[in-house]
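Okay, here's what each chain looks like letter by letter:
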Amino acid sequence: MILLHLALPVFMSSLTHLIVDFTRDTDLDNWSIQDDVVMGGRSDSDFRLNDEGHFVFSGKVSLENNGGFAQVRYHPAEKVNIGKATHLVMRVKGDGKDYQLRIKEDLDTRHTYIRDVSTSGEWEEMRVALADFHAVYHGKDVDAPNFDFRELAEVGFLIGNKRAETFKLMVDWVGLD
């Protein structure tokens, strides 16, 4: 897992595109959960906005019944034009656990592009090169080039560390730079 701390803070005003900036009034209709229950597992997760207006993805990963992951996904109403952006950037506060960042260029593709990150337990700004996201399908690598597209149709977070555990990831904003 890779922990990406920025040496200098990313200022939201310098972003190429702000995908989502959470406040207490953010509409969460385009967010959804996909836990391992779709394959018979027993993990359970949820998302909400806390009193400070941060997005909170939390729950419990279970290994029972061949389970082992929890995921939250965002589908913007329209695809996000990446333009000349080269990095996915975000401000998050994890629980010291490892997470997968997940992106898709099209909802009709079966595979997803992933990048592993580690959280520190503190608020941090992460900057992850889009070209470092590689294709997977059902947890297995796909013979496809790394992400090199001009649009985003999905952004998500997944936890699946091959152990039963509770988790909590807070997100302030996500954008492109």
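Worth saying up front: this structure is predicted, and the values here are computed from it rather than measured.

### Topic: the overall build of the protein chain
Step number 1: Along the protein chain, the regular secondary structure elements total zero helices and 15 strands.
Step number 2: C-alpha extents for the protein chain along the principal axes are approximately 45 × 40 × 30 Å.
Step number 3: Within the protein chain, buried positions represent 49% of all 177 residues.
Step number 4: For the protein chain, contacts bridging at least 24 residues in sequence account for 73% of all contacts bridging at least 6.
Step number 5: Per element, the accessible surface of the protein chain, about 9,200 Å² overall, is 46% carbon and sulfur.
Step number 6: Side chains of the protein chain give 20 positive and 30 negative charges; the mean places of these two sets differ by 4 Å.

### Brief notes about the confidence of the model for the protein chain
Step number 1: Taken residue by residue, the protein chain gives an average pLDDT of 92. The fraction at 70 or more is 92%.
Step number 2: Taken as a whole, residues 1-10 scores under 50 in pLDDT and shows 28 contacts with residues more than four places along the chain or in a different chain.

### Considering the pattern of salt bridges
Step number 1: In total, this model carries seven salt bridges according to the counting rule given.
Step number 2: Here K79 ties to D106 by a salt bridge, and the two come within 3.7 Å at their closest N and O atoms. Taken together, the positions of K79 in the loop between β5 (70-74) and β6 (80-81) and D106 in the loop between β8 (98-104) and β9 (112-118) put the pair 27 residues apart, joining distant regions of the chain.
Step number 3: Taking the relative accessible area as the measure of exposure, D106 reaches 25% and is therefore partly exposed.
Step number 4: Of the charged contacts, one joins D95 and K97 as a salt bridge, the two residues approaching to 3.9 Å between their closest N and O atoms.
Step number 5: Among the charged side chains, a salt-bridge network with shared partners connects K79, D106 and E151.

### Quick word on the environment of M170
Step number 1: In this structure, M170 sits in strand β15 (residues 165-176).
Step number 2: For the pair M170 and F55, spaced 115 residues apart in the sequence, the C-alpha separation amounts to 5.4 Å.
Step number 3: If we skip the residues at most four places from it in the chain, M170 touches N50, F55, V56, R91, V92, K93 and W123.

### Quick notes on a nonpolar patch on the surface
Step number 1: Together, V37, V38 and M39 make up a nonpolar patch on the protein surface, roughly 290 Å² of accessible area in all.
Step number 2: For M39, the position within the fold is in the loop between β2 (31-33) and β3 (44-49).

The rules behind the values
Residues numbered from 1 in each chain as written. Predicted model: local features only at pLDDT ≥ 70, side-chain atom pairs only at ≥ 80, totals over all residues. Heavy atoms only, no water. Helix = DSSP H or I, 4+ residues; strand = E, 2+ residues; numbered from the N terminus. Buried < 20%, exposed > 50% of the residue type's maximum accessible area, 1.4 Å probe, protein only. Contact = heavy atoms within 4.5 Å. Areas by Shrake-Rupley, 256 points an atom, 1.4 Å probe, with all protein chains shown as cover. Lys, Arg positive; Asp, Glu negative; His and termini not counted. Charge placed at Lys NZ, Arg CZ, Asp CG, Glu CD. pLDDT = per-residue confidence, 0-100. Salt bridge = Lys/Arg side-chain N within 4 Å of Asp/Glu carboxyl O. Patch = residues over 30% accessible without salt bridge, like charges linked within 9 Å, V, L, I, M, F, W, Y side chains within 5 Å.

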